[in-house]
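# Secondary and tertiary structure notes
Single-letter residue listing:
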Amino acid sequence: ASQEIFSPCAAAALYRRQALADVGGFDEDYFCYVEDVDLGFRLRLAGYKAMYVPDAVVHHVGSATTGGQHSDFSVYHGHRNLVWTYIKDMPGALFWLLLPLHLLLNLVTIVWFTLRGQFRVILRAKRDAIKGLPRMWAKRRKIQAARVASVWEVWQVLNKR
């Protein structure tokens with residue numbers, strides 16, 4: 001049966017054109033990786049919902065053109081954009097409540113990719129994420145000022161695993 005989810009993978013999503021227009025579409029600063037999570041988060045904050053439809057069939061090979069999930073390219077873009085998405089989209093009290101966990105997970109990620117031999121790329125991703133914080137904070141102000149969904153509504157549908 002269909003059920004509500006937080007946000008879809010863009011490779012398997014259909015969006016209402018007006019919804020995309022309302023939130024400004026994909027953020028061009030992202031280029032790729034986590035751009036769909038950012039879009040889904042902004043749609044959620046704007047009051048839109050996402051549904052999982054199990055009868056739908058989509059064939060998608062993730063990271064096929066970017067060298068795989070742990071290629072330097074995907075590690076860089078994915079981990080830079082995760083930071084930006086948290087900064088831009090996590091609403092109100094949840095931002096501050098979850099910030100210590102977010103910071104801890106970023107540190108664990110740096111250690112993990114260092115042990116995998118990708119110290120330079122993960123460090124560059126986090127450095128560039130930090131460099132982009134002023135721009136993302138400015139976007140956050142606009143996104144949060146237009147937010148329709150309550151913090152409680154976001155919390156209820158967030159996947160906490």
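Cut-off values and rules
Residues numbered from 1 in each chain as written. Predicted model: local features only at pLDDT ≥ 70, side-chain atom pairs only at ≥ 80, totals over all residues. Heavy atoms only, no water. Helix = DSSP H or I, 4+ residues; strand = E, 2+ residues; numbered from the N terminus. Rg over C-alpha atoms; globule rule 2.2 N^0.38 Å. Buried < 20%, exposed > 50% of the residue type's maximum accessible area, 1.4 Å probe, protein only. Phe/Tyr/Trp six-rings, centres within 6.5 Å; stacked < 30°, edge-to-face > 60°. Lys NZ or Arg CZ within 6 Å of the ring centre and 35° of its normal.

## Brief notes about the overall build of the protein
Secondary structure assignment for the protein yields seven helices and two strands. Start at the N end of the protein and walk to the C end: the helices and strands fall as β-α-α-β-α-α-α-α-α. Its C-alpha atoms give the protein a radius of gyration of 16 Å, near enough to 15 Å, the size a compact globule of 161 residues would have. When the backbone C-alpha atoms are referred to their principal axes, the protein occupies close to 40 × 35 × 30 Å. In the protein, buried positions account for 41% of the 161 residues.

## Overview of the packing of aromatic side chains
Given two aromatic rings, one states the distance between the centres and the angle between the planes to describe the pair. Within this structure, the stated rule accounts for eight aromatic pairs. Ring geometry for Tyr15 against Phe26: centres 6.4 Å apart, planes inclined by 90 degrees, an arrangement best described as edge-to-face. Linking Tyr15 in the loop between strand 1 (3-5) and helix 1 (17-23) with Phe26 in the loop between helix 1 and helix 2 (35-45), this pair joins segments that are eleven residues apart in sequence. Residue classification places Phe26 among the partly exposed residues on the basis of a relative accessible area of 39%. Plain terms: the ring middles of Tyr33 and Phe73 are 6.4 Å apart, the flat faces sit at 65 degrees to each other, and that makes the pair edge-to-face. Of the two residues, Tyr33 is situated in the loop between helix 1 and helix 2 and Phe73 in helix 3 (residues 72-89); the sequence distance between them amounts to 40 residues. Through successive ring pairs, a cluster of aromatic residues spans Tyr86, Phe95, Trp96 and Trp137. Above the face of the Tyr76 ring, Arg124 is positioned so that its terminal group lies 4.3 Å from the ring centre.

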